[in-house]
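Survey of secondary and tertiary structure
What follows is the residue order along each chain.
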Amino acid sequence: MPAGPHTATDPQTRGLLRVVTAGSVDDGKSTLVGRLLYDSRAVMVDQMSALEEASERLGYDGAELALLTDGLRSEREQGITIDVAYRYFATAHRSFVLADTPGHVQYTRNMVTGASTADVAVVLVDARAGVLEQTRRHLAVAALLRVGQIVLAVNKMDLVDFAEERFDEVAETAAEVLAALAVPPPSICDTRHESSHLVAVPVVATAGDNVVTRSERMPWYAGVPLLELLESLPASQPATPGARFPVQLVIRPRTAEFRDFRGYAGRAVSGTLHVGDPVTVLPSGRTSSVTSVETADGPLTEAGLDRSVVLRLADDLDISRGDLIVGAGAEPAVTRTATATLCWLAEEPLSADRSYRVRHGTRDVRGTVAVRDRLDVSTLQSSPADELGLNDLGRVTLTTTEPLVIDRYADSPRTGSLVLVDELTGATVAAGMVESTS
Ligand code: GDP
């Protein structure tokens, strides 16, 4: 691989990259994703022959790449509240998880869900149409969720005669939209500019130009193809305020052999806990230290991020599901009120007269929600409001009957986000990011 600002030194250290794609219907998102999978030889052999067969049956000339992802649409249409399909693929240099979100205007919620854990958002536009209202929403949501890096794929360059001027125009408009947002977007290193809010790549998803291999039809483009760019972008390393271990289950076998055993099953969602580390259990505030980390495969010296383990502590504390075991460092807030930015996901508007279940990590408490303002989804400017409807973004004050143990989303995205659940139906009605905890 050529050396350049995007080229990391060691492929092994690049780690898994979580990518969310967003685009309006017909911009070519399915084709682009299919092309990435196909050209990077990541498509399973059986999927490939099924694809060729289906393409032939439907009268396409060669493998129709959109079918690769369209196969997922039926899965998506089974009434799943959160409509995001995750695809895994790997190249010689890196593995990827791609959250594919449908592009309909009303589907801000899908992007919110797909993007909340993404390192990179690939926002697709049709070179002919340029930056549309929908693109503004996608850029705004990516910035709001603090997705570390935004890549603009300017597709269908073949339909604008591969014109550099058109590409520059679209890329500049998108950069202006980002710069004008009320929430400052992240900035990344561009191959051509020192630092910018986004990198733009001119592509032809159908033919593959600048997707996996460099296009000979756009010699003016100085950057790398999309896949190479994705291979080399850093996985974001969210600031971690310290170890966070939500207790999923208290394990107390009642057999004679394990009479004194008491362990806490779960996994760290931030940081790492080592044997010997001092810990605080919240909300009680009691302290102890880690004496062992156990797994089905034997003991470990540490509970690493996302590894399912059973922790044992030196002291016999009263701990239950929903408690948070916290390592040294900044502690989360223990509070019954918080300000959050919510994306409302339900047809029925948010009501101040009702209570909802607030789910945060393994904790589940009851709360009420007062709307403070609504955010314009393309500028992120706020205006006073007292109601939120489907796909609205707004700032709210949450008040819970029992304390939440939370971080600010900006400090720790995973322990700073929560969902609201309808008490009667059990449906997820909102996804939220904690802005402040007082
Ligand atoms: P999606 O709705 O965003 O998933 O869009 P699709 O991938 O289904 O593509 C919509 C249409 O645009 C299809 O007919 C594609 O063949 C076509 N298309 C996608 N990418 C390109 C491109 O780069 N150039 C041209 N000319 N057509 C494209």
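This one's a predicted model, so the numbers in the text were calculated from it and none came from an experiment.

A word on the environment of Asp-26
With respect to the helices, strands and loops of the structure, Asp-26 is situated in the loop between strand S1 (17-23) and helix H1 (29-39). Sequence separation of Asp-26 and Asp-126 is 100 residues, and the distance between their C-alpha atoms is 8.3 Å.

Digging into the pattern of salt bridges
Under the criterion given, the structure shown has 17 salt bridges. One salt bridge connects Glu-169 with Arg-166, and the closest N-O pair in it is separated by 3.3 Å. With Glu-169 and Arg-166 both in helix H6 (residues 164-179) and three residues apart, this pair spans about one turn of that helix. Given the relative accessible area of 44%, Glu-169 is considered partly exposed. Here Arg-166 falls in the partly exposed class, since its relative accessible area comes to 21%. Among the ionic pairs, Arg-262 bridges to Asp-316, the shortest N-O distance being 3.1 Å. Of this pair, Arg-262 sits in the loop between strand S7 (244-251) and strand S8 (263-266) while Asp-316 sits in the loop between strand S14 (309-313) and strand S15 (324-326), and the two are 54 residues apart along the sequence. Classification of Arg-262 as buried rests on a relative accessible area of 18%. Here the salt bridges do not stand alone but share partners, grouping Arg-357, Arg-359, Asp-364, Arg-366 and Glu-423 into one network.

A closer look at the site of the ligand
Neighbouring the ligand are 17 residues; Asp-26, Lys-29, Ser-30, Thr-31 and Asp-158 lie closest to it. Measuring from an oxygen atom of the ligand, one finds a backbone N or O atom of Ala-205 at 3.0 Å. Within the complex, the protein chains bury 77% of what would otherwise be the 580 Å² of accessible surface of the ligand. Listed by contribution, the elements that provide at least two residues to the shell around the ligand are H1 and helix H3 (66-76). With three residues, the single largest contributor to the shell around the ligand is H1. Along the lines of polarity and charge, the residues of the shell around the ligand split into five nonpolar, six polar and six charged.

Looking at the packing of aromatic side chains
Under the criterion given, the structure shown has three aromatic pairs. Taking 5.5 Å as the distance between ring centres and 40 degrees as the angle between the ring planes, the aromatic pair formed by Phe-167 and Trp-220 counts as tilted. Of this pair, Phe-167 sits in helix H6 while Trp-220 sits in the loop between strand S6 (198-202) and helix H7 (226-232), placing them 53 residues apart in sequence. The exposure class of Phe-167 is buried, given its relative accessible area of 0%. With 6.4 Å between their ring centres and 80 degrees between their planes, Phe-167 and Tyr-221 make a pair best called edge-to-face. One end of the pair, Phe-167, is in helix H6; the other, Tyr-221, is in the loop between S6 and H7, and 54 residues separate them in sequence. Pairwise contacts between aromatic rings join Phe-167, Trp-220 and Tyr-221 into one cluster.

Focus on the nonpolar core
With 42 residues, the main nonpolar core has Leu-139, Ile-150, Leu-152, Val-154, Met-157, Leu-178 and Leu-393 as its most contacted residues. The set of elements that each furnish at least two residues to this core consists of strand S4 (120-126), helix H5 (133-144), strand S5 (149-155), H6, S6 and strand S22 (428-436). What Val-154 contacts, discounting residues up to four positions off in sequence, is Val-125, Ala-127, Phe-167, Val-170, Val-201, Pro-202 and Val-203. If you look at the next biggest cluster of nonpolar residues, it comprises 26 residues, including Val-120, Ala-153, Val-203 and Leu-230.

Some points on the confidence of the model for the chain
Do not read the predicted coordinates in detail wherever pLDDT is low. Residues with a pLDDT of 70 or more make up 78% of the chain, whose mean pLDDT is 80. Within the chain, the lowest mean pLDDT, 39, falls on H3, and the highest, 97, falls on strand S10 (residues 278-282). Across residues 1-13, where pLDDT falls below 50, the model places 20 contacts with residues more than four positions away in sequence or in other chains. For the stretch residues 63-83, pLDDT sits under 50, and the model shows 47 contacts to residues farther than four places along the chain or on other chains.

Thoughts on the side chain of Thr-362
Locating Thr-362 in the fold gives a position in the loop between strand S17 (355-360) and strand S18 (363-375). Exposure remark for Thr-362: the relative accessible area of 13% places this residue in the buried category. Excluding residues that lie within four positions of it along the chain, Thr-362 makes contacts with Pro-246, Val-247, Gln-248, Arg-321, Gly-322 and Asp-323.

Things to note about unusual backbone geometry
Here the bond from Leu-282 into Pro-283 is cis, since omega is 15 degrees, no more than 30 degrees from zero. Not every positive phi belongs to a glycine, and Lys-156 is a case in point at roughly 65 degrees. Inspection of the secondary structure assignment puts Lys-156 in the loop between S5 and H6. In this structure, Phe-162 takes a positive phi of about 55 degrees despite not being glycine. Within the element layout of this structure, Phe-162 appears in the loop between S5 and H6.

Things to note about the pairing of strand S16 (residues 333-344)
In terms of residue burial, S16 counts as a mostly covered element, since nine of its 12 residues are buried. Summarising the sheet, S16 and strand S20 (residues 393-406) pair through 10 bridges and their orientation is antiparallel. Bridged to Ala-340 within S20 is Val-396. Pairing of S16 with S22, which is carried by six bridges, proceeds in the antiparallel orientation. Each residue of the ladder has a partner; that of Ala-340, found in S22, is Val-434.

Re the pairing of S5
Most of S5 sits inside the fold, with seven of its seven residues counted as buried. Taking every second residue as pointing to the same face, both faces of S5 are buried, with Gln-149, Val-151, Ala-153 and Asn-155 on one and Ile-150, Leu-152 and Val-154 on the other. Pairing geometry for S4 and S5, over seven bridges, is parallel. Bridge pairing in S5 links Leu-124 to Ala-153. Each parallel crossover has a hand, and the one from S4 via H5 to S5 is right-handed. Summarising the sheet, S5 and S6 pair through five bridges and their orientation is parallel. Looking across to S6, one finds that Ala-153 is bridged to Val-201.

Conventions adopted
Residues numbered from 1 in each chain as written. Predicted model: local features only at pLDDT ≥ 70, side-chain atom pairs only at ≥ 80, totals over all residues. Heavy atoms only, no water. Helix = DSSP H or I, 4+ residues; strand = E, 2+ residues; numbered from the N terminus. Salt bridge = Lys/Arg side-chain N within 4 Å of Asp/Glu carboxyl O. Buried < 20%, exposed > 50% of the residue type's maximum accessible area, 1.4 Å probe, protein only. Near = heavy atom within 4 Å. Polar contact = N/O pair within 3.5 Å; in protein donor to acceptor, adjacent residues only side chain to side chain. Areas by Shrake-Rupley, 256 points an atom, 1.4 Å probe, with all protein chains shown as cover. Nonpolar A, V, L, I, M, F, W, Y, C, P; charged D, E, K, R; others polar. Phe/Tyr/Trp six-rings, centres within 6.5 Å; stacked < 30°, edge-to-face > 60°. Core = buried A, V, L, I, M, F, W, Y, C linked by side-chain atoms within 4.5 Å. Contact = heavy atoms within 4.5 Å. pLDDT = per-residue confidence, 0-100. Pairing = 2+ DSSP bridges. Right-handed = clockwise from strand over helix to strand, strands pointing away.

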